[in-house]
Amino acid sequence: MTTGLHWYDLVGFAGVLLILLAYFLLQAHKLHGNGLAYQLMNIAGALGVLVSLVFGSFNWSAFLLELAWIAIGIYGIVRGVARRREAREKPLPTP
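Engineer: Got a minute to help me understand helix H3 (residues 60-89) in this structure?
Structural biologist: Counting along an α-helix, one turn takes 3.6 residues, and residues three or four places apart therefore face a common direction. Relative to the 44 Å expected for 30 residues at 1.5 Å per residue, H3 spans 43 Å between its end C-alpha atoms, a close match to the ideal helical length. All of the buried residues along H3 are Phe63, Glu66, Ile70, Gly73, Gly76 and Gly80. Looking at the buried residues of H3, the elements they touch are helix H1 (7-27) and helix H2 (36-55).

Okay, here's the thing in structure tokens:
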């Protein structure tokens, strides 16, 4: 029996660190909650945790949490794109 870490464990740890880093940078006012970088960090981190769950020790509750985390991140990106598009298409007030 080996007790060493597998590649998927390392991917999972990297994912956890990425999610925590994103949250720290948000709290430190270095990232914005509706910014693309914050959303991408959360999605990538959640994907890393999902990889560790699929290839390692599976846990349904953690799996569903990470799926929700990814879905929320994608929603944030789509909403941000729509807001930027609306801002560009909004006519300027005439003097």
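Next comes the rest of the account.
Engineer: Just checking my understanding: could you explain the packing of H2 against H3 for this structure?
Structural biologist: Geometry of a packed helix pair, given as the angle between the helix axes and the separation of the axes. Where H2 meets H3, the axes come as close as 9 Å, and the angle between the chain directions of the two elements is 155°. If you check the angle between H2 and H3, you find them roughly antiparallel. For the pair H2 and H3, the sense of crossing is left-handed. In this structure, H2 contributes Leu36, Gln39, Leu40, Asn42, Ile43, Ala46, Leu47, Val49, Leu50, Leu53 and Val54 to the contact, and H3 contributes Ala62, Phe63, Glu66, Leu67, Trp69, Ile70, Ile72, Gly73, Ile74, Gly76 and Ile77.

Engineer: Any chance you could explain the packing of aromatic side chains here in plain terms?
Structural biologist: Given two aromatic rings, one states the distance between the centres and the angle between the planes to describe the pair. According to the stated counting rule, one finds 5 aromatic pairs in the structure shown. Ring plane angle 80° and centroid distance 5.6 Å describe the contact between Trp7 and Tyr8, whose orientation is recorded as edge-to-face. For Tyr8, a relative accessible area of 16% puts it in the buried group. Taking 5.0 Å as the distance between ring centres and 85° as the angle between the ring planes, the aromatic pair formed by Phe58 and Trp60 counts as edge-to-face. Among the residues examined, Phe58 registers a relative accessible area of 39% and is labelled partly exposed. A connected cluster of aromatic rings, assembled from ring pairs, spans Trp7, Tyr8 and Phe55.

Engineer: Looking at this structure, I do not really get the side chain of Ser52. What am I missing?
Structural biologist: Relative to the helices and strands, Ser52 resides in helix H2. Within the structure, the side chain of Ser52 is placed 2.7 Å from the backbone oxygen of Val49, a separation counted as a polar contact. Once residues lying within four places of it in the same chain are set aside, the contact partners of Ser52 are Tyr8, Gly12 and Ser57.

The rules behind each value
Per chain, residues are indexed from 1 in the order of the written sequence. In view of the model being predicted, local features appear only for residues whose pLDDT reaches at least 70, and side-chain atom pairs are presented and counted only at 80 or more, with totals across whole chains, interfaces and linings using the full set of residues. In computing side-chain properties, one takes all heavy atoms of the structure into account and sets aside hydrogens as well as water. Each helix is a run of H or I in the DSSP string that is no shorter than four residues. Each strand is a run of E no shorter than two, and both are numbered from the N terminus. To estimate the expected span of a helix, count its residues, drop one, and scale the result by 1.5 Å. Working definition: with a 1.4 Å probe on protein chains only, accessible area under 20% of the residue-type maximum means buried, over 50% means exposed, and in between means partly exposed. Contacts were defined at the residue level, with two residues in contact if any of their heavy atoms lie within 4.5 Å. Axes here mean lines fitted to C-alpha atoms, for a helix over just the part in contact, with angles spanning 0 to 180 degrees between N-to-C directions. The scheme is simple: roughly parallel for angles under 35 degrees, roughly antiparallel for over 145, roughly perpendicular for 65 to 115, oblique for anything else. Less than a right angle of anticlockwise turn of the near helix away from the far helix marks a crossing as left-handed, whereas a clockwise turn marks it as right-handed. Each pair of aromatic rings taken from Phe, Tyr and Trp, with Trp reduced to its six-membered ring, is defined by centres within 6.5 Å and is described as stacked if the planes are under 30 degrees apart, edge-to-face if over 60, and tilted in the remaining cases. As used in this structure description, the phrase polar contact means that two N or O atoms lie within 3.5 Å; if the pair is within protein, one of them must be able to donate a hydrogen and the other to accept it, and residues adjacent in sequence are counted only when both atoms belong to side chains.

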